[in-house]
Amino acid sequence: MEIEALKSKVVALGELVESQLRRAIDALAARDPEAAEEVIQGDSVVDEREVELEEDCLKLLALYQPVAQDLRFIVSVLKINNDLERIGDLAESIGRRAKSFCRGHAIDVPGDVQTMAKKVKLMLRKSLLSLVELNPSLAREVLSVDDEVDVLHANMYAWALAQVQRMSEHAEQFFLLLFVSRNLERIADLASNIAEDVVYLVQGDIVRHKKSI
């Protein structure tokens, strides 16, 4: 029963973080500073949930001394909990960049950023679903997309530098978009971490060092 309650709490935290990310990206695309501020303020709730979940995990370890699969699950949740909190921080960072972006010259958010955002949001959703379903195949789908996000970020880096050279008076806007791209790339890495933890949880297979094999 305690394990099921723990699963419910980590899923709820994941859904909250996913909502934060979606709202941050929407605020950037819509140039909505009020929505961006809501994301910034919402990060404190993510932090509170993260602390609560960590305390729950530590209590279970201390009181019940779980073994085998239950122990592996609790350890995985501790790691996933930390990754979700970091994703929440990055979503807040995107919200801050979006708020600053809204104050500057009107520039369209490039397609690569929007494509990255879609892929990253799907990676996060699938990583959480793989945890709920204990589905390693779904988790491995997440890992397969990470390289695609890396390529898009590299494209964004080249694009931003080219735009700065062309329109140096709007350099801050282009660098803000580049920071958003970097945050999305980091969120993709964290979603991959969650997926790797699910593979380990279900199959006992450590895939973190096997990506290039």
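### Some details on the confidence of the model for the chain
Next up, step 1: Here the chain averages 90 in pLDDT, and 97% of its residues register 70 or above.
Next up, step 2: Within the chain, the lowest mean pLDDT, 90, falls on helix α4 (residues 111-133), and the highest, 94, falls on helix α2 (residues 33-64).

### Points about the environment of Gln-173
Next up, step 1: Inspection of the secondary structure assignment puts Gln-173 in helix α6 (residues 171-203).
Next up, step 2: The spatial distance from the C-alpha of Gln-173 to the C-alpha of Val-113 is 14 Å, given a sequence separation of 60 residues.
Next up, step 3: Reaching out from Gln-173, the side chain makes a polar contact with the backbone oxygen of Phe-101 at a distance of 3.1 Å.

### Considering the nonpolar core
Next up, step 1: Within the largest apolar cluster, 61 residues are counted, with the highest numbers of intra-cluster contacts made by Leu-6, Leu-21, Leu-28, Leu-84, Ile-87, Ile-94 and Leu-184.
Next up, step 2: Among the elements of the structure, α1 (2-30), α2, α3 (68-103), α4, α5 (136-166) and α6 are those that each provide at least two residues to this core.
Next up, step 3: Here Ile-87 is in contact with Val-17, Leu-124, Ile-187, Leu-190, Ala-191 and Ile-194, once residues within four sequence places are set aside.

Rules of the game
- Residues numbered from 1 in each chain as written.
- Predicted model: local features only at pLDDT ≥ 70, side-chain atom pairs only at ≥ 80, totals over all residues.
- Heavy atoms only, no water.
- pLDDT = per-residue confidence, 0-100.
- Helix = DSSP H or I, 4+ residues; strand = E, 2+ residues; numbered from the N terminus.
- Polar contact = N/O pair within 3.5 Å; in protein donor to acceptor, adjacent residues only side chain to side chain.
- Core = buried A, V, L, I, M, F, W, Y, C linked by side-chain atoms within 4.5 Å.
- Buried < 20%, exposed > 50% of the residue type's maximum accessible area, 1.4 Å probe, protein only.
- Contact = heavy atoms within 4.5 Å.

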